[in-house]
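Structure at a glance
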Amino acid sequence: DPNVPSGCITWKTLNWPGLGGSYVPVKVQVRGDTTDPHGFSWITGSLSLASKDQIVLSKLFTGTFHKQNKEENELTKKLELVEGIWYSDDFYGPHGREWVKVSATMVGHTLSALVAVKITGDPNVPSGYITWK
């Protein structure tokens, strides 16, 4: 949407919430002026893992995220084969072994793509940034 476009981080936390409603600090990315492509800022909120299928996020508003039940079809089977934590000893040059998290993301309403986010960073692509899509 115009506030946080596709491919951008919506929220992040360094703490893992316990199951059952305890809250941990979270940073939520917001943009006050949707015409300013650089106008993002982070505000502090809280996050709770209400159940194994539900995350509750609150700050200026409260929202609930529901885990989608994957349909068994050829696309989800293929995605499950490649999603996860991967490493390479040679792709990133002389920096040594580097780790990425590969996950599927929606592109539009019907297409999905694979995205790799660096777990270990280097001078070229820091940790937490998309390294390939």
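Residues numbered from 1 in each chain as written. Predicted model: local features only at pLDDT ≥ 70, side-chain atom pairs only at ≥ 80, totals over all residues. Heavy atoms only, no water.

**Points about the sheet that holds strand β3 (residues 40-51)**
If you trace the 5 strands from one edge of the open sheet to the other, you get β1-β2-β3-β4-β5, paired in antiparallel fashion. Each edge of the open sheet is held by one strand with a lone partner, namely β1 (11-12) and β5 (62-66). By the bridge criterion, 2 bridges tie β1 to strand β2 (residues 23-31) in an arrangement that is antiparallel. Residue pairing across strands places Trp-11 opposite Val-28, the latter belonging to β2. (Pairing = 2+ DSSP bridges. Helix = DSSP H or I, 4+ residues; strand = E, 2+ residues; numbered from the N terminus.)

**Regarding the pattern of salt bridges**
As enumerated under the stated definition, the model contains 3 salt bridges in all. The closest approach of N and O atoms between Arg-97 and Asp-89, which form a salt bridge, is 2.7 Å. We classify Arg-97 as partly exposed; its relative accessible area is 42%. For Lys-118, the salt bridge goes to Asp-122, with nearest N and O atoms at 3.1 Å. The pair formed by Lys-118 and Asp-122 is uniform in burial state, with each residue classed as buried. By sharing partners, the salt bridges in this structure join Glu-98, Lys-118 and Asp-122 into a single network. (Salt bridge = Lys/Arg side-chain N within 4 Å of Asp/Glu carboxyl O. Buried < 20%, exposed > 50% of the residue type's maximum accessible area, 1.4 Å probe, protein only.)

**Some thoughts on the nonpolar core**
As a rule of thumb, nonpolar side chains are buried together in soluble globular proteins. Listed in full, the 6 residues of the largest apolar core are Val-24, Val-26, Val-28, Ile-43, Leu-47 and Leu-57. For this core, the secondary-structure elements that each account for two or more residues are β2 and β3. The leading source of residues in this core is β2, at 3 residues. (Core = buried A, V, L, I, M, F, W, Y, C linked by side-chain atoms within 4.5 Å.)

**Here we look at the confidence of the model for the protein chain**
Averaged over all residues, the pLDDT of the protein chain is 75; the fraction at 70 or higher stands at 76%. For the protein chain, the element scoring lowest by mean pLDDT is helix α1 (residues 74-82), at 70; strand β6 (residues 84-88) scores highest, at 86. (pLDDT = per-residue confidence, 0-100.)

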